[in-house]
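Survey of secondary and tertiary structure
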Amino acid sequence: MSGRPILYERAGLEGLCPSPVCWRTRIALALKGVDAERRAMRFADVDRLAEITGSRTVPVLAIDGAMVVGSDAIAARLDAMVPDGMPLMRGDAAAVGADLEREFSHRIGPLVGADFVRRLLPEDRDYYKQSREARFGKSFEELETLRPGLELDLAFSLGRLEPQLEEHRYLGGDEIGWLDIVVYSYLAWIAFASPRSVPELVNPVRTWFERHDAEWRTICLEPTIPPAADPAEADPAP
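What this report covers is the structure whose coordinates are included nearby. The numbers attached to residues start from 1 for each chain and follow its sequence in the written order. Local features are withheld for residues below a pLDDT of 70 in this predicted model, meaning they are given only at 70 or higher, and side-chain atom pairs are given and counted only at 80 or more; totals for whole chains, interfaces and linings count all residues. Only hydrogens and water are removed before side-chain values are computed, so all heavy atoms of the structure are retained for them.

**Considerations on the overall build of the chain**
When helices and strands are tallied, the chain shows 10 helices and four strands. Only DSSP runs of H or I covering at least 4 residues are called helices, and only runs of E covering at least 2 are called strands; the numbering of each starts at the N terminus. Ordering the α and β elements of the chain from the N terminus gives β-α-β-α-β-β-α-α-α-α-α-α-α-α. The C-alpha atoms of the chain give a radius of gyration of 18 Å, which matches the 18 Å a tight globule of 238 residues would have. In terms of principal-axis extent, the alpha carbons of the chain reach across some 50 × 45 × 25 Å. Buried means the residue's accessible area, taken with a 1.4 Å probe over protein chains only, is under 20% of the maximum for its type, while exposed means over 50%, and partly exposed covers the values in between. Within the chain, the proportion of its 238 residues that are buried is 49%. Pairs of residues are marked as contacts when any of their non-hydrogen atoms sit within 4.5 Å. Pairs at least 24 residues apart make up 73% of the contacts formed inside the chain by residues separated by at least 6 positions. Accessible surface for the chain amounts to roughly 11,400 Å². Of this, 52% is attributable to carbon and sulfur atoms. Charge assignment in this entry is limited to Lys and Arg as positive and Asp and Glu as negative, and neither His nor the chain termini are counted. By convention, the charge on Lys lies at NZ, on Arg at CZ, on Asp at CG and on Glu at CD. Side-chain charges in the chain split into 28 positive and 39 negative, and the spacing between the mean points of these groups amounts to 2 Å. Put simply, the radius of gyration uses C-alpha atoms, and a globule should come to 2.2 Å times the residue count raised to 0.38. Under the convention used here, a 1.4 Å probe and the Shrake-Rupley method define accessible areas, while residue burial counts only the protein chains that appear.

**A closer look at the side chain of Ser55**
Topologically, Ser55 is positioned in the loop between helix 2 (46-53) and strand 3 (60-63). Exposure remark for Ser55: the relative accessible area of 6% places this residue in the buried category. For Ser55, the residues in contact, after removing those within four places along its chain, are Leu49, Ala50, Val60 and Val69.

**What about the pattern of salt bridges?**
Definition used for salt bridges: Asp or Glu carboxyl oxygen within 4 Å of a side-chain nitrogen of Lys or Arg. Applying the stated criterion across every chain, the model contains 20 salt bridges. Taking the shortest distance from any N to any O, the salt bridge between Arg217 and Asp213 comes out at 3.1 Å. Of this pair, Arg217 and Asp213 are both found in helix 10 (residues 205-221), four residues apart, which corresponds to roughly one turn of the helix. Classification of Asp213 by relative accessible area gives buried; the value is 17%. Through salt bridges with shared partners, one network takes in Asp115, Arg118, Glu144, Arg147, Glu151 and Arg196.

**Concerning the nonpolar core**
We call a set of buried residues a nonpolar core when its members are Ala, Val, Leu, Ile, Met, Phe, Trp, Tyr or Cys and they connect through side-chain atoms within 4.5 Å of each other. Membership of the largest hydrophobic core comes to 67 residues, with the highest contact counts inside it found for Tyr8, Phe104, Trp189 and Trp208. In terms of residue count, helix 9 (residues 178-193) provides more of this core than any other element does, 13 residues in total. Setting aside residues no more than four positions away along its own chain, Trp208 makes contact with Leu165, Arg169, Tyr170, Leu171, Asp180, Val183, Tyr184 and Leu187.

**Quick look at the sheet that holds strand 4 (residues 66-69)**
Across the sheet, four strands lie side by side as 2-1-3-4; this open sheet has mixed pairing. Because the sheet does not close on itself, it has two edges, and the strands there are strand 2 (37-41) and strand 4. Adjacent strand axes in the sheet meet at a mean angle of 20°, parallel and antiparallel pairs treated alike. For strand 1 (residues 6-10) and strand 3, the ladder comprises three bridges, and the chain directions are antiparallel. Note that in strand 3 the partner of Tyr8 across the bridge is Val60. Axis definition: a line fit to C-alpha positions, over the contact stretch in the case of helices; interaxial angles, taken between N-to-C directions, run 0 to 180 degrees. Along the sheet face, helix 1 (residues 20-32) touches strand 1, strand 2 and strand 3 and points at about 150° away from the line of strand 1. Pairing between strands is defined by DSSP: at least two bridges between them are needed.

**Regarding unusual backbone geometry**
Omega for the bond connecting Val58 with Pro59 falls within 30 degrees of zero, at 5°, which places this linkage in the cis form. Turning to its location among the elements, Pro59 is positioned in the loop between helix 2 and strand 3. In this model, Asn203 is joined to Pro204 through a cis peptide bond whose omega is 5°. By the element assignment, Pro204 lies in the loop between helix 9 and helix 10. With a phi angle near 60°, Glu14 is a residue other than glycine that sits in the positive phi range. With respect to the helices, strands and loops of the structure, Glu14 is situated in the loop between strand 1 and helix 1. Overall, Glu14 belongs to the exposed group, its relative accessible area being 65%. Positive phi outside glycine occurs at Asp64, with the angle close to 50°.

Set out below in structure tokens:
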């Protein structure tokens, strides 16, 4: 590996990255023992991000002259880079992880969105509200009236995790893997985005979550640097 990798991630209030998909990459980097410089990008920085990385979304990992876009692609790249370490993407982890991503984002986004806005930089809040209301097909005010049903939907998804965790220590089997990182990032995001929306976890899900939370919360919530004031400062090192 030539040079220190650069992780482009989402900027949030008080220097805290507010994105669960970016948290996944932080966790994956830590598990692989790869140190990366972090660059915080606002929603308002989308054009500058695209100019630098070729992507309009984060996370992006600049590594060995390449721009790797998306947390799952980054995890796969890290597996290839560090083959002797614990594999993240075993078997069908990518496909199952994508299914879990769709399910939990669908359940959690509408539940926490109105509260989550306060975790964003002021200049990003209108964009987030408008884009998410368009995605959900309802205003945040309308979603608030649907809160009991949204909470039941989330409880259903959590209940689907119980059989696997009754038989195995991790969601992917007997070793930690990508599925654990995906689901953990969303459950941790609820507490970060909307404490009133935190669901009651029952064993074995609660034990599983608490074990990972003790290991990963600090990684997710470590402050990052503010967005660079000068676009030239955000160019990746050659």
